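Geometric and topological summary
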Amino acid sequence: MQTNKKISITKDEIVPTAQAMREAGHVLVMIHGHRNKDGQPVISYHYDNGPETVGYEVVGEEEVPSIAPIYDAAAEWPERELNELLGFTFTGLDTSERLFLPDNMLDGKGQIIVTPINVLKEKNGLL
């Protein structure tokens, strides 16, 4: 049975932790992010460690270093998703193109605009 373990770290520990996990042969399972009940950003890095999943959690940081140079696309995609959906910044990450949300669906960083379909069609020249 697999168990989960959570460890709090600072943003300065993100890259050294990722490097150590990669060198030890641990797979990056996922990067998760959300805002807690106080509105603080929470970013969690989950690694497979045999019989357990280890999560390293950073709280209160809007900007953290990218670990894409260490874990390639396994880190790049979730970092880009968190950037696009929640506005978190991953230093060193190329966010010049959107993953799935067109520019006209965003109002500021990470705020999705709910717009009637006929208005979206008109903005995109489809009406």
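Note: the structure precedes this text.
Parameters and conventions
Residues numbered from 1 in each chain as written. Predicted model: local features only at pLDDT ≥ 70, side-chain atom pairs only at ≥ 80, totals over all residues. Heavy atoms only, no water. Buried < 20%, exposed > 50% of the residue type's maximum accessible area, 1.4 Å probe, protein only. Helix = DSSP H or I, 4+ residues; strand = E, 2+ residues; numbered from the N terminus. Arc of directions from axis to C-beta. Contact = heavy atoms within 4.5 Å. Pairing = 2+ DSSP bridges. Axes fitted to C-alpha atoms, helices over the stretch in contact; angles between N-to-C directions. Phe/Tyr/Trp six-rings, centres within 6.5 Å; stacked < 30°, edge-to-face > 60°. Lys NZ or Arg CZ within 6 Å of the ring centre and 35° of its normal. Salt bridge = Lys/Arg side-chain N within 4 Å of Asp/Glu carboxyl O.

Digging into helix H1 (residues 14-23)
Residues of H1 that are buried include every one of Ile14, Thr17, Ala18 and Met21, and no others. Looking straight down H1, one finds its buried side chains confined to an arc of 100°; they lie on one side. Among the structural elements, strand E3 (41-49), strand E4 (52-59), strand E5 (63-65) and helix H2 (68-71) are those in contact with the buried residues of H1. Gly25, located one to two residues past H1, shows a positive phi value of around 85°.

Concerning the sheet that holds strand E2 (residues 28-35)
Here we have four strands laid out as an open sheet, ordered E1-E4-E3-E2, and mixed in their pairing. The two strands at the open ends of the sheet, each matched to only one other strand, are strand E1 (3-8) and E2. Averaged over neighbouring strand pairs, the angle between their axes works out to 20° when direction is ignored. Looking at chain direction, E3 and E4 are connected through eight bridges and run antiparallel. From the neighbouring strand, His46 faces E4, where its bridge partner is Gly55.

What to know about the packing of aromatic side chains
According to the stated counting rule, one finds two aromatic pairs in the structure shown. Between Tyr47 and Tyr71 the ring centres are 5.7 Å apart and the planes differ by 50°, which places this aromatic pair in the tilted class. Highlighted residues: Tyr47 in strand E3 and Tyr71 in helix H2, separated in sequence by 24 residues. The residues Tyr47 and Tyr71 share a single accessibility class, namely buried. Every member of this aromatic cluster is reached through a ring pair, and the members are Tyr47, Tyr56 and Tyr71. When the ring centre of Tyr71 is taken as reference, the NZ or CZ atom of Arg22 above it lies at 5.1 Å. For the cation-ring pair, Arg80 lies above Trp77, with the distance from its terminal atom to the ring centre recorded as 5.6 Å.

Topic: the pattern of salt bridges
Opposite charge on two side chains permits them to pair, given that their charged atoms come into close proximity. As enumerated under the stated definition, the model contains four salt bridges in all. Salt-bridge contacts for Lys11 lead to Glu61; the nearest nitrogen and oxygen are separated by 3.8 Å. With a gap of 50 residues between them, Lys11 in the loop between E1 and H1 and Glu61 in the loop between E4 and E5 connect regions that are remote in the sequence. Among the residues examined, Lys11 registers a relative accessible area of 32% and is labelled partly exposed. Taking the relative accessible area as the measure of exposure, Glu61 reaches 26% and is therefore partly exposed. A salt bridge links Glu76 to Arg80, with the nearest nitrogen and oxygen atoms 3.8 Å apart. One end of the pair is Glu76 and the other is Arg80, both in helix H3 (residues 73-86) and four residues apart, which spans about a single turn. The class of Glu76 is partly exposed, set by a relative accessible area of 27%.

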